[in-house]
Amino acid sequence: MDLEIKQLLTERFPLFEEDLINKLAELGTLKTFEEGEELMRTGQYFRSTMLIVDGLVKLYREGEEGGEFFVYYIEPGNACALSMVCASQQKTSEVMARAMQASKAILVPIDKMDALMLEHRSWYYFVLETYRARFEELLTVIDAIAFKAMDERLEFYLIKQAKTLEATLLNTTHQQIADDLNTSREVVSRLLKKMEQNGMISLHRNQIDLAPLVQNIT
């Protein structure tokens, strides 16, 4: 049994029963990822599902011409639902994942998933809740694309970034935001400038101060 994995599971997944934590500590492997390192890529087959215990992982879809479209973040205490689905059905990934910060994940062999579902009720409910939560996040993304104008999408995106990163100073570029929203840098720059003129944000070199925007919604 890996005692470090057991401690991380106890801290990050408090709803897991002790028997499940002990089992995962036996089966799991702890892997670290540097900032910017890929955890998964398009076309990859999965041998494990990932439980994120530290850091922050960005999930995104790559376009045919190389562009990126932000889907959602995976935070500590969460798992990658898509790795569960793809691995259990022996399908390749259609998304990519990258560590936005130095991150740690517990890799659970996918061939143990069925037994874990049958033998541990808290794992069964965790898997269902992971699917539900990720599906709701995807619906939010779809709603933003289908029903919101780009200025509304940008504001929604910035607010979500502030909440996820727990910071009001966002270190990013206009091009990175454009990639996440699947639009052009020129459009993002124009809309950010308009938000700054309206007192919603402050723009700096590769940084955006979101304090005014966040304060307006609290």
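Preceding block: the structure.
Just so you know, these numbers come straight off a predicted model, no measurement behind them.

(A) Structural view of the overall build of the chain. If you tally the helices and strands in the chain, you get nine helices and ten strands. Along the first, second and third principal axes, the C-alpha atoms of the chain reach 55 × 35 × 30 Å. Within the span of the chain, comprising 218 residues, buried residues form 42% of the whole. Accessible surface computed for the chain: about 12,200 Å², of which carbon and sulfur atoms make up 48%. Each charge sign in the chain was given a centre, from 24 positive and 34 negative side chains, and these centres are 3 Å apart.

(B) Fine view of the pattern of salt bridges. Inspection of the entire model under this criterion finds eight salt bridges. Linking Arg12 and Asp54 is a salt bridge whose minimum nitrogen-to-oxygen distance equals 3.8 Å. Here Arg12, found in helix H1 (residues 3-12), pairs with Asp54, found in strand E3 (residues 48-54); they are 42 residues apart in sequence, far enough to count as distant. A residue is classified by how much of its surface remains accessible, and Arg12, at 35% relative accessible area, is partly exposed. With relative accessibility at 33%, the residue Asp54 sits in the partly exposed group. Among the ionic pairs, Glu137 bridges to Arg134, the shortest N-O distance being 2.3 Å.

(C) Structural view of the environment of Leu24. Mapping Leu24 onto the fold places it in helix H2 (residues 18-27). Each C-alpha atom of the pair Leu24 and Leu9 lies 8.4 Å from the other, and the pair is 15 residues apart in sequence.

(D) The arrangement of unusual backbone geometry in detail. For Glu166, which is not a glycine, the phi torsion comes out positive at approximately 55 degrees. Relative to the helices and strands, Glu166 is located in the loop between helix H6 (150-165) and strand E8 (169-171). Overall, the relative accessible area of 73% leaves Glu166 in the exposed class. Here Asn206, not a glycine, exhibits a phi torsion of approximately 60 degrees, which is positive. Tracing the chain through its elements places Asn206 in the loop between strand E9 (202-204) and strand E10 (207-209). By relative accessible area, which is 44% here, Asn206 ends up partly exposed.

Parameters and conventions
- Residues numbered from 1 in each chain as written.
- Predicted model: local features only at pLDDT ≥ 70, side-chain atom pairs only at ≥ 80, totals over all residues.
- Heavy atoms only, no water.
- Helix = DSSP H or I, 4+ residues; strand = E, 2+ residues; numbered from the N terminus.
- Buried < 20%, exposed > 50% of the residue type's maximum accessible area, 1.4 Å probe, protein only.
- Areas by Shrake-Rupley, 256 points an atom, 1.4 Å probe, with all protein chains shown as cover.
- Lys, Arg positive; Asp, Glu negative; His and termini not counted.
- Charge placed at Lys NZ, Arg CZ, Asp CG, Glu CD.
- Salt bridge = Lys/Arg side-chain N within 4 Å of Asp/Glu carboxyl O.

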